[in-house]
Amino acid sequence: MKSRVWTTIDFDARGIQSDFARVPFSSDISAYGWIPVPMLCFKGGEGPTALLTAGTHGDEYEGQVTLRKLARELSKTELRGRVIILPALNQPAVWAGRRNSPLDGGNLNRVFPGNPEGGPTAMIAHYVATELFPLADLIIDLHSGGSSLDYLPVALARPGRTEGEVEAIRHLLKSFAAPYSVVTNGAAGGAGATLYAAAEQQGIPALTTELGSGSTLSETGLAIAESGLRRVLRDYGIAPTIEAPQAPATRLVRFIGQAGTIYSPCDGLFEPFAKPGEKVAAGQKAGCVHRLDDALAQPLELTFAEGGVVTFRRFPTLTSTGDALFGLTTEAES
């Protein structure tokens, strides 16, 4: 079914265009209104198209800031291809500074490929998957740990379905060159309903990132996003003259899975004993949770079941049963 979202941008026209992806939304105060999702299109000569998104979760800021800065740079850069930028893809969540949309509770990175007859979140996902994906030769969706996670700076990609797709994805990861690169099936974070998983299903090389922690802006994550995007646009010949630092080596790792993840066993106050980037061993104490319902009770101790590198840790101290507290990665085959 055709998307109900529309825009005035002509993606085939050369030059710089700025408009919105206009998402229909009927509310108490606007029966026939639409939600403005900012969108920019830069097109020079013939060449590949990069689709760049951020704000898929509204409380993740490194990508949002990076894409705004990049857009200003591209306005004075020679292009031999096309760049489509959506710096606030889930605009309602961005306005609210929340992970999920306040309009329908939707988590945009859990509803792909979307639904044109669904709520605003599902309509945005469907528009991206059906209207923008077919235009793209590569896709980068910038994320961070947001309000709940303290994350190592990583790029993540799906494994690819064919030998050619595997090669294209690895090439994109090496060009972006985050300190850590994770090839994952997404089992711990949305499986096939994420943006980059939906891109894989259409055979488009795509990556996502985790570049910060908490509802703030990481200088390190911002620098990684900026240099990574510049390198990709240069390496793919889209913006061949844009300045970009030489790619550092990226360390290829994989998530250990359920055995490498610790979840809170109860409601309480989380006291961690390990930090992101720290190498830990099986049997090592990870932290403890102080129960809220009994101040005299001994805290519940947490232990790592496997060895690895702490890749994420819960950011808030207050925790509930089932919250992810730690996640580990280990070296992957190159």
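Since the model is a prediction, treat every value here as computed from it, not as a measurement.

Caption draft 1: View of the packing of helix H4 (residues 163-176) against helix H6 (residues 219-235). Two elements in contact, H4 and H6, have axes separated by 7 Å at closest approach and are oriented at 125°. Between H4 and H6, the angle is such that the two are oblique. In contact with Leu172, Ser175 and Phe176 of H4, H6 contributes Ile224, Ala225, Gly228, Leu229, Arg231, Val232 and Asp235. The residue makeup of the contact of H4 with H6, split by class, is six nonpolar, two polar and two charged.

Caption draft 2: Main features of the nonpolar core. Met39, Leu51, Val128, Phe133 and Ile139 are the most contacted members of the largest nonpolar core, which has 41 residues in total. For this core, the element with the highest residue contribution is helix H3 (residues 120-132), accounting for seven residues. Apart from the residues within four sequence positions on either side, Leu51 is in contact with Ile84, Leu86, Val128, Leu132, Phe133, Ala136, Leu138, Ile139 and Ile140.

Caption draft 3: Expanded view of the side chain of Thr319. Secondary-structure assignment places Thr319 in strand S17 (residues 318-319). Not counting chain neighbours up to four residues away, the residues in contact with Thr319 comprise Ser264, Cys266, Asp267, Gly268, Phe270, Val289, Arg314 and Leu325.

Caption draft 4: Unusual backbone geometry, seen in detail. Going from Phe112 to Pro113, the amide bond is cis rather than trans, its omega being 10°. Structurally, Pro113 can be placed in the loop between helix H2 (91-96) and H3.

Caption draft 5: Quick look at the packing of helix H1 (residues 62-74) against H6. At a closest axis distance of 9 Å, the pairing of H1 and H6 adopts a crossing angle of 45°. With respect to each other, H1 and H6 are oriented oblique. For the crossing formed where H1 meets H6, the hand is right-handed. Residue-level contacts link Glu62, Val65, Thr66, Leu67, Lys69, Leu70, Glu73 and Leu74 of H1 to Gly221, Leu222, Ala225, Glu226, Leu229, Arg230 and Leu233 of H6. Tallied by class, the residues present in the contact of H1 with H6 amount to eight nonpolar, two polar and five charged.

Caption draft 6: Just the environment of Gly160, in detail. For Gly160, the position within the fold is in the loop between strand S7 (154-157) and H4. Note on Gly160: relative accessible area 19%, which makes it buried. Spatially, the C-alpha atom of Gly160 lies 9.4 Å from that of Arg170, the residues being 10 residues apart in sequence. Discounting chain neighbours no more than four positions away, the residues touching Gly160 are Glu165, Val166, Ile169 and Glu200.

Caption draft 7: Looking closely at the pattern of salt bridges. Considering all chains together, one arrives at 15 salt bridges under this definition. In this structure, Glu226 and Lys69 form a salt bridge, with 2.6 Å as the shortest nitrogen-oxygen distance. Of the two residues, Glu226 sits in helix H6 while Lys69 sits in helix H1, which places them 157 residues apart along the sequence. The class for Lys69 is partly exposed, based on a relative accessible area of 35%. The residue Arg230 makes a salt bridge to Glu73 at a minimum N-O spacing of 3.7 Å. With Arg230 in helix H6 and Glu73 in helix H1, the pair connects residues that are 157 residues apart, well separated along the chain. Taking the relative accessible area as the measure of exposure, Glu73 reaches 23% and is therefore partly exposed.

Caption draft 8: Examining a nonpolar patch on the surface more closely. Taken together, the side chains of Trp6, Phe20 and Trp34 define a hydrophobic patch exposed on the protein surface, amounting to about 280 Å² of accessible area. Here Phe20 is to be found in strand S1 (residues 15-25). Residue Phe20 is classed as partly exposed on the basis of its relative accessible area, which comes to 31%.

Caption draft 9: The arrangement of the side chain of Thr77 in detail. Within the secondary structure layout, Thr77 lies in the loop between H1 and strand S4 (82-86). Judged by relative accessible area, Thr77 falls into the buried class, the value being 16%. One polar contact links the side chain of Thr77 to the main-chain carbonyl oxygen of Glu73, over a distance of 2.7 Å. Each residue touching Thr77, except ones within four places of it in the same chain, is listed here: Ala239, Thr241 and Ile242.

Caption draft 10: Quick peek at the environment of Glu306. Take Glu306: it is sitting in the loop between strand S15 (300-303) and strand S16 (308-314). Spatially, the C-alpha atom of Glu306 lies 9.8 Å from that of Thr329, the residues being 23 residues apart in sequence. When sequence neighbours within four positions are dropped, the list of residues in contact with Glu306 reads Ile256, Ala259, Val280, Ala281, Ala282 and Leu328.

Caption draft 11: The packing of aromatic side chains, seen in detail. Tallied over the full model, the rule gives six aromatic pairs. Between the aromatic rings of Phe20 and Trp34, the centroid separation amounts to 5.9 Å while the plane-to-plane angle is 50°, which identifies the pairing as tilted. Separated by 14 residues along the polypeptide, Phe20 in strand S1 and Trp34 in strand S2 (residues 33-43) bring together distant segments of the chain. Residue classification places Trp34 among the partly exposed positions, given a relative accessible area of 35%.

Thresholds, definitions, all that
Position labels on residues start from 1 in each chain and follow its written sequence. Local features are withheld for residues below a pLDDT of 70 in this predicted model, meaning they are given only at 70 or higher, and side-chain atom pairs are given and counted only at 80 or more; totals for whole chains, interfaces and linings count all residues. Only hydrogens and water are set aside; all other atoms, that is, all heavy atoms of the structure, feed into the side-chain values. The axes are straight lines fitted to the C-alpha atoms, using for helices just the contacting stretch, and the angles between their N-to-C directions are given from 0 to 180°. Elements are defined by DSSP. Helices are runs of H or I of four residues or more, strands are runs of E of two residues or more, and each kind is numbered from the N terminus. Any angle that is under 35 degrees is reported as roughly parallel, and any over 145 degrees as roughly antiparallel; angles of 65 to 115 degrees are reported as roughly perpendicular and all others as oblique. We call two residues in contact whenever any of their non-hydrogen atoms come within 4.5 Å of each other. Only Asp, Glu, Lys and Arg are considered charged, only Ala, Val, Leu, Ile, Met, Phe, Trp, Tyr, Cys and Pro nonpolar, and every remaining residue, Gly among them, polar. Joining through side-chain atoms within 4.5 Å is the link that ties buried Ala, Val, Leu, Ile, Met, Phe, Trp, Tyr and Cys residues into a set, and such a set is a nonpolar core. Burial classes: relative accessible area under 20% of the type maximum marks a residue as buried, over 50% as exposed, and values in between as partly exposed (1.4 Å probe, protein chains only). With the far helix as reference, a near helix turned anticlockwise by less than a right angle produces a left-handed crossing, and one turned clockwise produces a right-handed crossing. Criterion for a salt bridge: a side-chain nitrogen of Lys or Arg within 4 Å of a carboxyl oxygen of Asp or Glu. Patches in this entry comprise residues that are over 30% relatively accessible and not in a salt bridge; like charges within 9 Å are linked, as are nonpolar side chains (Val, Leu, Ile, Met, Phe, Trp, Tyr) within 5 Å. Accessible surface area values rest on a Shrake-Rupley calculation with a 1.4 Å probe, where residue burial reflects the displayed protein chains alone. Polar contact is the term for a pair of N or O atoms within 3.5 Å; when the atoms are in protein, one must be able to donate a hydrogen and the other to accept it, and sequence-neighboring residues count only if both atoms are side-chain atoms. For Phe, Tyr and Trp, rings pair up if their centres lie within 6.5 Å, where Trp contributes its six-membered ring, and each pair is then called stacked (planes under 30 degrees apart), edge-to-face (over 60) or tilted (otherwise).

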